[in-house]
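# Inside the fold
Below are the chains, spelled out letter by letter.
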Amino acid sequence: MSDDFRPRSDFLSVLLERGFVHQCSDLEGLDRKAEAGELVAYIGFDCTAPSLHVGSLVQIMLLRWLQKTGGKPVALMGGGTTRVGDPSGKDQARQLLSLETIAANKEGIKQIFSRFLTFGEGKTDAAMPDNADWLGTLNYIDFLRDVGRHFSVNRMLSMDSVKLRLERESELTFLEFNYMCLQAYDFVELYKRHGCILQMGGSDQWGNIVTGIDLGRRMGTEQLYALTSPLLTTASGAKMGKTAQGAVWLDASMLPVFDYWQYWRNCEDADAGRFLKLFTELPVDEIARLQALGGAEINEAKKILATEATAMVHGREAAEAAAEAARKTFEEGALAESLPSVAIARAEVTAGLGVLAAFVKAGLVASTGEARRQIKGGGLKVNDVTLTDERAVIGESDLTDDVVKLSLGKKRHVLLRAV
RNA sequence: GGGGGAGUGUCCCGAGCGGCAAAGGGGGCGGACUGUAAAUCCGCUGGCUAUGCCUUCGUAGGUUCGAGUCCUACCUCCCCCA
């Protein structure tokens, strides 16, 4: 990527300015296309999970910015390719999913996208095709003859994703090996169907995308383009979007809004500015000001990051509520109504609920054994009082407005609500 | 087809003379210090109705008072030869 390139299109201006671009096959060419208007670009998402998590957020934002700057975003559902699996350097071949699971996952993912993009039939309305539509009916012989002849095995063998597997002597099945052919074919197909000339994706997709461009040239499309976003890691090098509890889901039923807000609030200082640019839509000069805050003041920036990023996914109201719950919990030590809560039968409390069982029910610990260990380490609190006796019992006297607050460590809180 | 090697705590890597709930590390969680940060230090890191019981070392059998460890068969993966 050339440093002295100055984009004229809104689309690339925003992307470059906000740190979305890792590699691009031809910035100037793409810039001209974007400037001419109605740039159609796509990103593929596989359907391996019932929802999307923070790891896909950069990609989602790319599509959102495209739409905001006058382009047409296409979110390709990999209903077909999910049945194959990307080699992508992982040692383990991906588990093959059933058709029903894939269909269900697709539904969940649609929900997420509808919060970020405007769908419809208009010129800049987003579309969500599924490559199962064309891959599913593909005839093997026809595919080999029309498409397969354009692929060079020599080239494919030299690609990092493949090379890595070969070098590690880790098995790479023919099935996986074909993944990139199908993905390349998707690009050509989307060009034909939607006039899509740009494929975006994470930096690990570079090889696959370029293969698509290449296939396009051989099959007579116009010039296609590739643009990848940087692989996101936290300042200390960990992958984004994973916590001990699992992935940071963008679906409130899989991760409470409060926890989502907390995820951003707890990012490392060094990441705050970068994340504000990528995951919020605040103006960059405003972000520069926030980023410049030093010491404890950077917490203000992180709170803004959390609220803005949460508002994007869960709506402004829910985000404000999460921010308020956090403020009450951490800054006042008060009991906030909107902490994640778990319902429990009143009778259980009346009869006296053992603390070990209570924490397991709240989902804060995985087993009574873990609860015991945490108590020993001073990690569990009931209504902000550190537990010292694992045989303690929660009774009606512990309820305030039918609620007991259970805490694991300083940050994780759940309200147990008697009903 | 023939020969050689490997599979360990359901996060990963990895030690393991027949007494093993199984060394060590990474990761994670908790505590201290801070600012709900980073770095550092300390503790924890199979399950349970718990001085006991149950389930774990690829799968199924066997030898033994006792098997992750020895024997047999099978499964999976890797290497070499054909």
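See the structure printed just above.
Residues numbered from 1 in each chain as written. Chains lettered and ligands numbered in written order. Predicted model: local features only at pLDDT ≥ 70, side-chain atom pairs only at ≥ 80, totals over all residues. Heavy atoms only, no water.

## Some words on the packing of helix 10 (residues 179–194) against helix 11 (residues 206–218)
Running from amino to carboxyl end, helix 10 crosses helix 11 at an angle of 55 degrees, the nearest separation of the two axes being 8 Å. Considered as vectors, helix 10 and helix 11 are oriented oblique to each other. The crossing of helix 10 and helix 11 is right-handed. Only N208, I209, T211, G212, I213, L215 and G216 of helix 11 make contact with helix 10, whose side of the interface consists of Y179, M180, Q183, A184, Y185, F187 and V188. Its residues assigned to classes, the contact of helix 10 with helix 11 comprises nine nonpolar, five polar and no charged. (Axes fitted to C-alpha atoms, helices over the stretch in contact; angles between N-to-C directions. Helix = DSSP H or I, 4+ residues; strand = E, 2+ residues; numbered from the N terminus. Parallel < 35°, antiparallel > 145°, perpendicular 65-115°, else oblique. Left-handed = near helix turned anticlockwise from the far one by under 90°. Contact = heavy atoms within 4.5 Å. Nonpolar A, V, L, I, M, F, W, Y, C, P; charged D, E, K, R; others polar.)

## As for the protein's contact with RNA strand B
If you check the shell around RNA strand B, you find 30 residues, and the closest are Q262, D269, R372, Q374 and K410. Expressed as a percentage, the sugar and phosphate content of the atoms of RNA strand B within 4 Å of the protein is 65%. Side-chain polar atom of R372 to a base nitrogen of RNA strand B: 2.7 Å apart, as the coordinates give it. K411 has a polar side-chain atom sitting 2.8 Å from a phosphate oxygen of RNA strand B. Those elements that place two or more of their residues in the surface near RNA strand B are helix 12 (257–265), helix 15 (298–314), helix 16 (316–332) and helix 19 (368–376). Among the elements that make up the surface near RNA strand B, the one with the highest residue count is helix 19 (five residues). Among the residues making up the surface near RNA strand B, the classes are represented as eight nonpolar, 12 polar and 10 charged. (Near = heavy atom within 4 Å. Polar contact = N/O pair within 3.5 Å; in protein donor to acceptor, adjacent residues only side chain to side chain.)

## Focus on the packing of aromatic side chains
Each aromatic ring pair is specified by the distance between its two centres and by the angle formed by the two planes. With the rule as written, the count across this model stands at eight aromatic pairs. Relative to W264, the ring of Y263 lies with its centre 5.1 Å away and its plane at 80 degrees, an arrangement referred to as edge-to-face. Since its relative accessible area comes to 17%, Y263 is described here as buried. Classification of W264 by relative accessible area gives buried; the value is 0%. A connected cluster of aromatic rings, assembled from ring pairs, spans Y260, Y263, W264, F275 and F279. The ring of W65 is capped by K68, whose NZ or CZ atom sits 5.7 Å from the centre of that ring. (Phe/Tyr/Trp six-rings, centres within 6.5 Å; stacked < 30°, edge-to-face > 60°. Buried < 20%, exposed > 50% of the residue type's maximum accessible area, 1.4 Å probe, protein only. Lys NZ or Arg CZ within 6 Å of the ring centre and 35° of its normal.)

## Section: the pattern of salt bridges
Using the criterion set out here, one finds 26 salt bridges in the structure. Its salt-bridge partner being D402, residue R346 comes within 2.8 Å of it at the nearest N-O pair. Here the residue R346 occupies a position in helix 17 (residues 346–350), and D402 occupies one in the loop between strand 12 (393–394) and strand 13 (403–408), the gap between them amounting to 56 residues. Note on R346: relative accessible area 29%, which makes it partly exposed. Among the residues examined, D402 registers a relative accessible area of 33% and is labelled partly exposed. When the shortest N-O distance is used, the salt bridge between E348 and K361 registers 3.6 Å. One end of the pair, E348, is in helix 17; the other, K361, is in helix 18 (residues 355–362), and 13 residues separate them in sequence. You can call E348 partly exposed: its relative accessible area is 31%. (Salt bridge = Lys/Arg side-chain N within 4 Å of Asp/Glu carboxyl O.)

## As for unusual backbone geometry
For D401, which is not a glycine, the phi torsion comes out positive at approximately 50 degrees. By the secondary structure assignment, D401 is in the loop between strand 12 and strand 13. Residue D401 is classed as exposed on the basis of its relative accessible area, which comes to 67%.

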